[in-house]
Amino acid sequence: MRKKLTKAIFPVAGLGTRFLPATKSVPKEIMTLVDRPLIQYAIDEARAAGIKEFIFVTSRGKGALEDYFDLAPTLEQELRKKGKTELLETLKDTNMDSGAIAYVRQHKALGLGHAVWCARRLIANEPFAVILPDDVIAAEKPCLAQMVEAYEETGGNVVAAMEVPPEKASSYGVLDIENDMGQMVQVKGMVEKPPADEAPSNLAVIGRYILNPSVLRSLNQMKAGAGGEIQLTDAIAREIGGETGVYGYRFRGQRFDCGSKSGFLQATVSFGLAREELRDDLLGYIRDVVAMDNAAE
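Criteria and cut-off values
Residues numbered from 1 in each chain as written. Predicted model: local features only at pLDDT ≥ 70, side-chain atom pairs only at ≥ 80, totals over all residues. Heavy atoms only, no water. Helix = DSSP H or I, 4+ residues; strand = E, 2+ residues; numbered from the N terminus. Rg over C-alpha atoms; globule rule 2.2 N^0.38 Å. Buried < 20%, exposed > 50% of the residue type's maximum accessible area, 1.4 Å probe, protein only. Contact = heavy atoms within 4.5 Å. Areas by Shrake-Rupley, 256 points an atom, 1.4 Å probe, with all protein chains shown as cover. 1 Å grid on protein atoms, 1.4 Å probe; cavity = no way out; pocket = protein on both sides within 12 Å on 5 of 7 lines; lining within 4 Å. Points joined across faces, edges and corners; volume = space filled by probe spheres on them. Nonpolar A, V, L, I, M, F, W, Y, C, P; charged D, E, K, R; others polar. Salt bridge = Lys/Arg side-chain N within 4 Å of Asp/Glu carboxyl O. Disulfide = S-S within 2.5 Å. Phe/Tyr/Trp six-rings, centres within 6.5 Å; stacked < 30°, edge-to-face > 60°. Lys NZ or Arg CZ within 6 Å of the ring centre and 35° of its normal.

Draft legend 1. Region of interest: the overall build of the chain. When its secondary structure is counted, the chain shows 11 helices and 13 strands. Computed over C-alpha atoms, the radius of gyration of the chain comes to 20 Å, within 12% of the 19 Å expected from 2.2 N^0.38 for 297 residues, which places it in the range of a compact globule. Overall, the C-alpha framework of the chain stretches about 60 × 55 × 35 Å when taken along its three principal axes. Residue burial in the chain is summarised as follows: out of 297 residues, 47% are buried. When contacts within the chain are restricted to residue pairs at least 6 apart in sequence, those whose partners lie at least 24 apart make up 74%. For the chain, the exposed surface amounts to about 15,600 Å²; the carbon and sulfur share of it is 50%.

Draft legend 2. Representation of the layout of surface pockets. If you add up the space inside the second largest pocket, you get close to 360 Å³. In terms of lining, the second largest pocket is formed by Asp-35, Arg-36, Pro-37, Gln-40, Asp-44, Tyr-68, Glu-86, Leu-87, Thr-90, Leu-91, Asp-93 and Thr-94. Within the residue set of the lining of the second largest pocket, elements represented by two or more residues are strand S3 (36-37), helix H1 (38-48) and helix H4 (85-92). Looking at which element gives the most residues to the lining of the second largest pocket, the answer is H4, with 4 residues. Taken together, the residues of the lining of the second largest pocket break down into 4 nonpolar, 3 polar and 5 charged.

Draft legend 3. Representation of the pattern of salt bridges within the structure. Within the structure shown, the criterion is met by 14 salt bridges. Residue Glu-78 pairs with Lys-81 through a salt bridge whose shortest N-O separation is 3.3 Å. Residue Glu-78 and its partner Lys-81 are located together in helix H3 (residues 73-81), separated by 3 residues, close to a single helical turn. You can call Glu-78 partly exposed: its relative accessible area is 32%. When its relative accessible area of 59% is taken as the criterion, Lys-81 is described as exposed. Taking the shortest distance from any N to any O, the salt bridge between Arg-250 and Asp-180 comes out at 3.0 Å.

Draft legend 4. How the structure looks around H1. Most of H1 sits inside the fold, with 8 of its 11 residues counted as buried. Considered for burial, the residues of H1 that qualify are Leu-38, Ile-39, Gln-40, Tyr-41, Ala-42, Ile-43, Glu-45 and Ala-46. Count one or two residues on from H1 and you reach Gly-50, which has phi positive near 95°.

Draft legend 5. Region of the structure containing the state of the cysteines. As enumerated under the stated definition, the model contains 0 disulfides in all. Of all cysteine sulfurs, the one in Cys-258 lies closest to Cys-143, which takes part in no disulfide; the gap is 14 Å. Owing to a relative accessible area of 0%, Cys-143 belongs among the buried residues under this scheme.

Draft legend 6. Just the packing of aromatic side chains, in detail. Applying the stated criterion across every chain yields a total of 8 aromatic pairs. Between Phe-10 and Phe-56, the aromatic rings sit 5.0 Å apart at their centres with planes inclined by 15°, giving stacked as the arrangement. One end of the pair, Phe-10, is in strand S1 (residues 7-11); the other, Phe-56, is in strand S4 (residues 53-58), with 46 residues separating them in the sequence. By relative accessible area, Phe-10 is classed as buried at 0%. Judged by relative accessible area, Phe-56 falls into the buried class, the value being 0%. Geometrically, the ring pair formed by Phe-56 and Phe-69 is tilted, given 5.5 Å between the ring centres and 40° between the ring planes. Remark: Phe-69 occurs in the loop between helix H2 (63-68) and H3 and Phe-56 occurs in strand S4; sequence separation between them is 13 residues. Like Phe-56, the residue Phe-69 is buried in the burial classification. Above the face of the Trp-117 ring, Arg-120 is positioned so that its terminal group lies 3.6 Å from the ring centre.

See below:
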């Protein structure tokens, strides 16, 4: 019987240099998309997929991230005193039960594979998810929940995948496809950040994974890959041809790369337009800006 997926790793040790100077004092994961931090979107997605244990791989200077998930008695007392029950309900999503969340330190920036390896003792011999908070996915059914359904059918290792323009393949891990089954593909190879003319397909891996614990044993080898870093993609690729195999899952939804400024802005506009109380004002402003630009031309 296949073990139920209940644990997720959130690699959040990065310095967020692309968002300096904001990230000099504020962890990138706490930066707000409309009115919720990036990390809250990741946590909500994990909860919707049945995750019960949340493991954060952090680094120095991430204290605000830990505080965010703690109780805020003074704030709650003030809101209660003023009768702001709706805001009190909103705060509930930010609270984590004691023991449900754990933090481990990544002392050196040695790559995503190394960050995941840092959490190995908390995973033990269970399947686990990896969620990269930079990748925010707008979907009717959350992306990880979609992947869990696929995983229950196939087992093995499942990575979220989307089609990208060939010229952008060098920014991703790219799948070499053995068998295309539509929503799912069986993988025969994975290449990390290949040159555009050497990419085996245009199906790229993005920041959602369901992995077997054997991937952690592969990471024990500490083999450096692309960019001199320990790549998670390389460890997953070693699972190909084994008993469990590797599958790519074409998720339904729109992914925003909130690790880049342009992606973060696009997500802000998209999520803002999706909010009924914000849509009309925001849409009116966008139309005014477009009209002014057209007039200037």
